[in-house]
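Take a look at the letters that make up each chain.
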Amino acid sequence: MPRFPLLFISGVTALWVVAIAILAVQNATAASVQLLMFTSVPIPLGTLMAFAAALGLLTGAIAIAITAK
């Protein structure tokens, strides 16, 4: 893979990590997630956002790996 796309992807990922870190520090209040009738344990909003971003990155990586030929 050429250098520029890897550098671009790394830069975008680094910006997301920094943004999540800043938001995690600013939003220390506990939040809980509700899905249908299930409710999670209250956890800090920043931690919840970090898990959501990590899940999104993993899902995207798996989707690219599956569809790449």
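Being a predicted model, the structure only gives us computed values, none of them experimental.

Caption draft 1: How the structure looks around the overall build of the chain. What the chain contains, in helices and strands, is two helices and four strands. Secondary structure of the chain in N-to-C order comes out as α-β-β-β-β-α. Taken along its principal axes, the extent of the C-alpha atoms in the chain is 45 × 30 × 10 Å. Within the chain, the proportion of its 69 residues that are buried is 3%. A total accessible area of about 5,900 Å² is found for the chain, and carbon and sulfur atoms account for 79% of it.

Caption draft 2: Quick peek at the UniProt feature "transmembrane region" (unreviewed entry) in the chain. Under the present numbering, the feature "transmembrane region" (unreviewed entry) in UniProt falls on residues 46-68. Along residues 46-68, the helical share is 96% and the strand share 0%, with 33 Å between the first and last C-alpha atoms.

Caption draft 3: Looking closely at the environment of Ala63. Counting through the fold element by element, Ala63 comes out in helix α2 (residues 45-67). Sequence spacing of Ala63 and Leu23 is 40 residues, and the spatial spacing of their C-alpha atoms is 27 Å.

Caption draft 4: Layout of unusual backbone geometry. Residue Leu36 is not a glycine yet carries a positive backbone phi of 55 degrees. Secondary-structure assignment places Leu36 in the loop between β2 (34-35) and β3 (38-39). Judged by relative accessible area, which is 83%, Leu36 ranks as exposed.

Caption draft 5: A look at a nonpolar patch on the surface. On the surface, a cluster of nonpolar side chains totalling about 580 Å² of accessible area is made up of Phe4, Phe8, Ile9, Val12 and Trp16. Within the element layout of this structure, Phe4 appears in helix α1 (residues 3-26). For Phe4, a relative accessible area of 62% gives the class exposed.

Caption draft 6: Structural detail: the packing of α1 against α2. Look at α1 against α2: their axes get within 8 Å of each other, and the N-to-C directions meet at 160 degrees. Compared by their axis directions, α1 and α2 come out roughly antiparallel. For the pair α1 and α2, the crossing hand works out as right-handed. Together, Thr13, Ile20, Leu23 and Ala24 of α1 and Gly46, Met49, Ala50, Ala53 and Leu57 of α2 make up the contact between the two elements. Of the residues in the contact of α1 with α2, the class split is seven nonpolar, two polar and no charged.

Definitions and limits used
- Residues numbered from 1 in each chain as written.
- Predicted model: local features only at pLDDT ≥ 70, side-chain atom pairs only at ≥ 80, totals over all residues.
- Heavy atoms only, no water.
- Helix = DSSP H or I, 4+ residues; strand = E, 2+ residues; numbered from the N terminus.
- Buried < 20%, exposed > 50% of the residue type's maximum accessible area, 1.4 Å probe, protein only.
- Areas by Shrake-Rupley, 256 points an atom, 1.4 Å probe, with all protein chains shown as cover.
- UniProt positions renumbered as here; feature names shortened; annotations may be inferred.
- Patch = residues over 30% accessible without salt bridge, like charges linked within 9 Å, V, L, I, M, F, W, Y side chains within 5 Å.
- Salt bridge = Lys/Arg side-chain N within 4 Å of Asp/Glu carboxyl O.
- Axes fitted to C-alpha atoms, helices over the stretch in contact; angles between N-to-C directions.
- Parallel < 35°, antiparallel > 145°, perpendicular 65-115°, else oblique.
- Left-handed = near helix turned anticlockwise from the far one by under 90°.
- Contact = heavy atoms within 4.5 Å.
- Nonpolar A, V, L, I, M, F, W, Y, C, P; charged D, E, K, R; others polar.

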